[in-house]
Amino acid sequence: MRIRDEFGAVFESERFVAAFAHRGGPSVSPGMLALVSVLQYAERLTDRQAADAVRGRIDWKYALGLQLADPGFDFSVLSEFRDRLIAHGLEQQILDAILARCSKRGLLRAGGRARTDSTHVIACIRDLNRLEFVTETMRCALEALAVAAPAWLAGTDAVNADWLARYRQRADSYRLPKGEAERTAFAENVGGDGYELLDALDDPTAPAHLAGLEAVVLLRTVWAQEYQRDARGVRWRGHKQRPPGAARIVSPHDGDARCGVKRGSAWDGYKTHLTESCDDGLPHLITCTATTPATTDDHQLTAAVLQSLTERGLKPAEHYVDGGYTSAKIILQARALGIEVIGPVRQAGGRPALQGSGYAATDFRIDWQTRQATCPQGRISTRWTDTVIGGEPRVTSTSPAPDAPAARPRTPAPPPPTAS
């Protein structure tokens, strides 16, 4: 009720007009559905519960500007509305509308402080080991073909009684062989079945559209990643022969999910990056969101986040991040835009840079003629090595350790603001 009193109608239906047809029957107000979606998420309600709240709760009717006798809508409208938003790329409109209202009320301003961090998003899929994964991928492809072309699948010579026994139920370890040799043999049988099916689909007499089915395309990709076929037959690929995690599919039910690792925790899914304002005396509001595959490094998002904030009139003066988002190049690029990126900078090799003590590169005296380096303690290097890192030449110089090094203190970076 306070939302209605303070902000009025938060979402105008005109923001979402691109997702709806100009002809046909009238639709439920998109602006109302957008606010229902926000309230639904805030109260963690299912679609059915949200639709019931629209029909029966006075506070929701007040927020939505509905008459007390308004009958509401069927719960299926909410999922259709979300699908429309995603299909037309309008999901950002919901966040922008809220931020625009907050800006008018003085609750959000540019030139302040913001911070960004990421967290994992677990895909809505079942955890599968490698044998379960290939078996389930084959089963999903057969299921899709059985729906799209049942007559062709039934008449294919590759399909036999063994396939029915292997793929009629979803893959589970308790139904699969237990011994290592038996599991390897089963995996090779599955691989051979998959190649037989793909060969049948590649035959000129097969319906052309079947090769483009999503499950078939995924089957072909998975088999290229997990198997190798040569004169000796079909065999597992070795772990070093499989593609890197950024390209490797982990589930037939979500071809975009990837296996990510962060701080020792591994998960299959995605990573979401959240940016929020953190000015003193103002509410902390999420101003930018981005979802990436789980294998995407955080530093690849820093420039995109700053560009998004700048384009939407929310450019901060200070941007607080952790070490995953920083590098010398990122800090200098942001400074050119008038933004100070504040956070620990990692050295080459991924190790955290020293903070509070140690020496800077400018504290060393380099003699390029004699190819020697002198440290602040007066020690002269004994070895000079030319290397190439990341396409750029680097010099590594080694000197004997001093008896009692005296670390010169350096001013530490200011700590980030306390989280709300």
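Quick look at the structure, then. In this text the structure is predicted, and so the values were computed from the model without any measurement.

## Comments concerning unusual backbone geometry
Phase 1: Here arginine 44, not a glycine, exhibits a phi torsion of approximately 55 degrees, which is positive.
Phase 2: Position of arginine 44 relative to the elements: it lies in the loop between helix 2 (30–43) and helix 3 (47–56).
Phase 3: Here arginine 44 falls in the exposed class, since its relative accessible area comes to 77%.
Phase 4: Backbone geometry at arginine 371 places phi at a positive 60 degrees, although glycine is not the residue there.
Phase 5: Here arginine 371 lies in the loop between strand 9 (365–367) and strand 10 (372–374).

## Notes on the environment of lysine 61
Phase 1: With respect to the helices, strands and loops of the structure, lysine 61 is situated in helix 4 (residues 58–64).
Phase 2: The buried category is assigned to lysine 61, whose relative accessible area is 3%.
Phase 3: What lysine 61 contacts, discounting residues up to four positions off in sequence, is Val54, Arg55, Gly56, Leu66, Gln67, Leu68 and Asp70.

## What to know about the packing of aromatic side chains
Phase 1: In total, this model carries four aromatic pairs according to the counting rule given.
Phase 2: Judged by centre distance (5.9 Å) and plane angle (75 degrees), the rings of phenylalanine 16 and phenylalanine 81 are edge-to-face. Here phenylalanine 16 is found in the loop between helix 1 (2–7) and helix 2, whereas its partner phenylalanine 81 is found in helix 5 (residues 76–87), with 65 residues between them in sequence.
Phase 3: Classification of phenylalanine 16 by relative accessible area gives buried; the value is 0%.
Phase 4: Residue phenylalanine 81 is classed as buried on the basis of its relative accessible area of 2%.
Phase 5: Relative to tyrosine 227, the ring of tryptophan 223 lies with its centre 5.1 Å away and its plane at 45 degrees, an arrangement referred to as tilted.
Phase 6: Overall, tryptophan 223 belongs to the buried group, its relative accessible area being 0%.
Phase 7: Taken together, the ring pairs in this structure connect Trp223, Tyr227 and Trp236 into an aromatic cluster.

## Considerations on the side chain of arginine 139
Phase 1: Following the sequence through the fold, arginine 139 ends up in helix 7 (residues 130–148).
Phase 2: Given the relative accessible area of 15%, arginine 139 is considered buried.
Phase 3: A polar contact of 2.6 Å, which involves the side chain of arginine 139, links it to the side chain of glutamate 136.
Phase 4: Apart from residues no more than four positions distant in its own chain, arginine 139 is found in contact with Tyr167, Gln169, Arg170 and His253.

## As for the nonpolar core
Phase 1: Among the nonpolar cores identified, the biggest contains 34 residues, and Met138, Trp152, Leu197, Trp223 and Tyr227 are the most heavily contacted of them.
Phase 2: Among the elements of the structure, helix 7, helix 8 (150–155), helix 9 (161–167), helix 10 (180–202), helix 11 (214–226) and strand 3 (233–236) are those that each provide at least two residues to this core.
Phase 3: Top element by residues in this core is helix 10. It accounts for eight residues.
Phase 4: Leave out the neighbours within four places in its chain, and tryptophan 152 touches Leu145, Leu197, Ala200, Leu201, Ala206, Pro207 and Leu210.
Phase 5: With 27 residues, the next largest nonpolar core counts Phe20, Phe81, Leu85 and Ala97 among its residues.

## Quick look at the pattern of salt bridges
Phase 1: Counting across every chain of the model gives 23 salt bridges.
Phase 2: Between aspartate 202 and arginine 220 there is a salt bridge, with the nearest N and O atoms lying 3.2 Å from each other. Of this pair, aspartate 202 sits in helix 10 while arginine 220 is found in helix 11, placing the two residues 18 residues apart along the sequence.
Phase 3: Taking the relative accessible area as the measure of exposure, arginine 220 reaches 31% and is therefore partly exposed.

What counts, and where the lines are drawn
- Residues numbered from 1 in each chain as written.
- Predicted model: local features only at pLDDT ≥ 70, side-chain atom pairs only at ≥ 80, totals over all residues.
- Heavy atoms only, no water.
- Helix = DSSP H or I, 4+ residues; strand = E, 2+ residues; numbered from the N terminus.
- Buried < 20%, exposed > 50% of the residue type's maximum accessible area, 1.4 Å probe, protein only.
- Contact = heavy atoms within 4.5 Å.
- Phe/Tyr/Trp six-rings, centres within 6.5 Å; stacked < 30°, edge-to-face > 60°.
- Polar contact = N/O pair within 3.5 Å; in protein donor to acceptor, adjacent residues only side chain to side chain.
- Core = buried A, V, L, I, M, F, W, Y, C linked by side-chain atoms within 4.5 Å.
- Salt bridge = Lys/Arg side-chain N within 4 Å of Asp/Glu carboxyl O.

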